[in-house]
Structures are given as structure tokens and as C-alpha cells.
Amino acid sequence: MSGRVVILGAKGRFGRSASQAFHKAGWKVRVFARNWSDAAFGDAFDYCEGDALQPEEVIRAAAGCDVIVNALHPRYENWKRELPQLSASVIAAAKQSGAAIMIAGNIYNYGEGMPPVLTEDTPHTPTTRKGKLREEMEETYARAADEGVKTIILRAGDFIEREKTGNWFDTYITPKTNRGKITYPGPLDRVHAWAYLPDMARALADIADKAAELGSFSTFVYEGFNLTGTEFVALIQHLQGRTLKVSKMPWPIMSLLGVFVPTIREVMEMRYLWQVSHAIDGTNLRQFIPEFRPTPVEIALKEALGLGPDLQPALPRPVSATLDVTKRVVV
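Nothing here was measured: the structure is a model prediction, and the numbers come from that model.

Peer 1: Outline the sheet that holds strand 5 (residues 100-105), supporting the account with residue identities and numerical values.
Peer 2: In space, the seven strands of this open sheet follow the order 3-2-1-4-5-7-11, with parallel pairing throughout. Every other strand in the sheet has two partners, leaving strand 3 (46-49) and strand 11 (217-221) as the edge strands with one partner each. When strand polarity is set aside, the average angle formed by the axes of neighbouring strands in this sheet is 20°. With four bridges joining them, strand 2 (residues 28-33) and strand 3 adopt parallel strand pairing. If you follow R30 over to strand 3, its bridge partner there is D46. Where helix 1 (residues 13-24) meets the sheet, it contacts strand 1 (4-8), strand 2, strand 4 (67-70) and strand 5, and its direction lies at approximately 165° from that of strand 1.

In C-alpha cells, the structure reads:
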């Protein structure tokens, strides 16, 4: 199926990638944001402005659409107040239009006690404020499914992408690689789940094509790249063509700054994601969209680092782009 989709929060990191992915997949794409005075994707898109906290404006944006992609992402410190309001707007629009809702989920729901391998069936036991808020949000959509609102959640680890959007990859880990330095937030022997954002958005569009085959509330996990810190640093060094000085994240200093800076305080809450090994097993998604082909990890990282097309890996790959997480030894 290819129809009409509205991307809510289209100027955000996931919304931008989803807009491009659905467009390339042949969908008619309406992009919704608070304003479009400072950015645009091109003439092929239908632009719509509004405040997502106002249900009537989201209802207007979703009119005539088959799919609503909820890529709305308020500031962390506003989650408690705004997530319920945004969910109410999106569900109201879905009821009015009959559209299916698609959401980019995360792994916060699993909590600090998560097992080393994560699947769709892994129990949700959130241990942080943000994890509990995400779980409450998803429960809202699950209840709406009983009222005929179809929702599909695609869950993934931390994003890797070319754009500088304030994520872990570009803000904390790699901003100094051009000066021979890299900062890793946790022990190098722990597995961490990554998702190349353009790939995840493509997977969402592929799922949308087969949405009619799914029930009223469905979740998938997107495997991406499951890498230890050692493997991750080795890949970056390989692509840079030199050895990098590896530094630790200054967590004690950040803890002090968090007293005064809300964003840093929110980052501190998720520190456990770098201390607890976790790999994502995407078997179910591969079976549902078997034609999907992820970008090889070296190419994804090279793109994210902004390295030129002339720089090609010259050595054997230090890790596989897709790892058998069921056989992976994790700490």
C-alpha cells in the first residue's frame, strides 16, 4: 500500500527522516510543524502548520490521510505535561480520519534491569521518570486500540545520522574526532544498541505498506547495530584512518551541572544505558519486511561522520553489520 501520510513533527530528527523515506517509497507526504518559515523539504511535499497540542489542528492536518507518523518530541523536561496532550491530539486525529498511527519508540521502557537481548516480548519495567512516561504514553495508545485506533510502534536504540541534532553520537562522542579524540560514555566492554536513522525511517515506511496485515496494536524492535564500546571505537578509528585518544564521559561534572541545567539532568537519568549491556534482536521485523536491507555499519558511520565518498574501508570489517545477538556474549 502507498497512500497519504502526515508526518507530525516533521522538522525534528525522526520526522525529517520519515518524511524523506515515505516520499521515496511513493507516498504522498504532508509535513506538519509549528511553522515552515525557516525550512522546507521541496515542492513534492504538502506543508501544514499548526500546534500539535491543539487537537483540532492535528485533526485538520490528518484529514484524508491513511497513516499518521507521530514524530513529535517535546523537550525532556516537558514530557510529563505535554506527552499526554500530544497523545490525545494524535488519537483524536486518527479517530476522525481513520488513519493508522506509527510511532518511533525507544528502549527506555525496559528499565535498568533489562536483559542482555531485547525483543518485542521483553517485559517493560521502566526505572526512570522518562521510561515511566513513555510506558504511560504507549498504554494510552493501547487503550485507544480497543476503540478502533490502529497503532504501530517501532522501537530502537540511540540514533546515528549525518545531521547534528544534539544526540549522543554528535554531541558527546564524536565532536572531537577531527582532533584525534573520542569520548565514550560507558565501559568499553558493554554492548550498546544503535540505529542508523535513515534506515529506521525506511523500515517504518516498509511496515506502513503492510499495515493492513497487522492487528490494532503492534510493536517491532529495530535491530540496527549492536556494538561494544571497543568495536564502536575501532570502527571510528578505522574510518578515520588513525588511532584516537579515548576519553571517559565526565559524569561527576555533568552531575553537578545537572543541578542548574535541566537538559543535562535529563541526560544523567539515562546513564544506565551505557552501563548495562543491551542488544536488540530484530528477527520479527526481518520476517515481516524480508525485502528490507540495512545500510552496512561502516557506510552508515562514514555518512554520520561526514567523511567523503572517496574514503572507503580498506581493511577487513572489525564487526558484522548484523550480529547474531542470540549467540552474543555480553557483560
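Peer 1: Give a description of the packing of helix 1 against helix 6 (residues 197-209) that names residues and reports values.
Peer 2: At their nearest, the axes of helix 1 and helix 6 sit 8 Å apart, and the two run at 55° to each other. Classified by the angle their axes make, helix 1 and helix 6 are oblique. Of the two possible hands of crossing, helix 1 and helix 6 adopt the one that is right-handed. Here R13, F14, S17, A18, A21 and F22 of helix 1 lie close against helix 6, whose contacting residues are L197, P198, M200, A201, R202, L204, A205 and A208. Across the contact of helix 1 with helix 6, the residue classes break down as eleven nonpolar, one polar and two charged.

Peer 1: An account of the nonpolar core is requested, with residue identities and associated values reported.
Peer 2: With 39 residues, the main nonpolar core has V6, L8, I68 and I101 as its most contacted residues. At the level of elements, strand 1, helix 2 (55-62), helix 3 (79-97), strand 5 and helix 4 (129-145) are the ones that each hand at least two residues to this core. For this core, the element with the highest residue contribution is helix 3, accounting for seven residues. In this view, V6 contacts R30, F32, A61, A62, C65, V67, I68 and V69; residues no more than four positions away in its chain are not counted. With 37 residues, the next largest nonpolar core counts F14, A18, Y222 and F292 among its residues.

Peer 1: Go over the packing of aromatic side chains, please, and point to the residues and values.
Peer 2: The full count for this structure, using the stated rule, is 18 aromatic pairs. Between W168 and W251 the ring centres are 6.0 Å apart and the planes differ by 55°, which places this aromatic pair in the tilted class. With W168 in helix 5 (residues 168-173) and W251 in helix 8 (residues 251-258), this pair connects stretches of sequence that are 83 residues apart. No difference in accessibility class separates W168 from W251, as the two residues are buried. Ring centres of Y184 and W274 lie 5.5 Å apart, and the angle between their planes is 85°; on these two criteria the pair is classed as edge-to-face. With Y184 in strand 9 (residues 181-184) and W274 in the loop between helix 9 (262-269) and strand 14 (279-280), the pair connects residues that are 90 residues apart, well separated along the chain. Per residue, the accessibility class of Y184 equals that of W274, and both read buried. Its end group placed over the ring of Y76, K130 keeps NZ or CZ at 5.0 Å from the ring centre.

Peer 1: Please provide a residue-by-residue account of the sheet that holds strand 10 (residues 191-196), values included.
Peer 2: Note: strands within a sheet are paired through backbone hydrogen bonds, in either parallel or antiparallel orientation. Here we have three strands laid out as an open sheet, ordered 8-10-12, and mixed in their pairing. What marks the edges here is a single partner per strand, and that holds for strand 8 (158-160) and strand 12 (225-228). For this sheet the average axis-to-axis angle between neighbouring strands, irrespective of direction, equals 45°. Sheet analysis places strand 10 next to strand 12, joined by four bridges and oriented antiparallel. Across the sheet, the residue bridging to H192 is L227, located in strand 12.

Peer 1: Let's hear about the pattern of salt bridges: which residues, and what values?
Peer 2: What the rule picks out here adds up to 15 salt bridges. A salt bridge links D51 to R34; its shortest N-O distance comes to 3.5 Å. Taken as a pair, D51 in the loop between strand 3 and helix 2 and R34 in the loop between strand 2 and strand 3 lie far apart in primary sequence, 17 residues in all. Residue class for D51 comes out buried when judged on its relative accessible area of 18%. Residue E82 pairs with R81 through a salt bridge whose shortest N-O separation is 3.3 Å. Here the salt bridges do not stand alone but share partners, grouping R129, K130, E266 and E269 into one network.

Peer 1: Break down the pairing of strand 7 (residues 151-155) for me, citing the residues and quoting the values.
Peer 2: Along strand 7, five of the five residues are buried, which leaves the element largely enclosed by surrounding structure. Residues T151, I153 and R155 point to one face of strand 7 and I152 and L154 to the other, with burial holding for every one of them. One ladder, built from five bridges, connects strand 7 with strand 11; its direction is parallel. What sits directly across from I153, in strand 11, is T219.

Each value, and the rule that gives it
- Residues numbered from 1 in each chain as written.
- Predicted model: local features only at pLDDT ≥ 70, side-chain atom pairs only at ≥ 80, totals over all residues.
- Heavy atoms only, no water.
- Pairing = 2+ DSSP bridges.
- Helix = DSSP H or I, 4+ residues; strand = E, 2+ residues; numbered from the N terminus.
- Axes fitted to C-alpha atoms, helices over the stretch in contact; angles between N-to-C directions.
- Contact = heavy atoms within 4.5 Å.
- Parallel < 35°, antiparallel > 145°, perpendicular 65-115°, else oblique.
- Left-handed = near helix turned anticlockwise from the far one by under 90°.
- Nonpolar A, V, L, I, M, F, W, Y, C, P; charged D, E, K, R; others polar.
- Core = buried A, V, L, I, M, F, W, Y, C linked by side-chain atoms within 4.5 Å.
- Buried < 20%, exposed > 50% of the residue type's maximum accessible area, 1.4 Å probe, protein only.
- Phe/Tyr/Trp six-rings, centres within 6.5 Å; stacked < 30°, edge-to-face > 60°.
- Lys NZ or Arg CZ within 6 Å of the ring centre and 35° of its normal.
- Salt bridge = Lys/Arg side-chain N within 4 Å of Asp/Glu carboxyl O.

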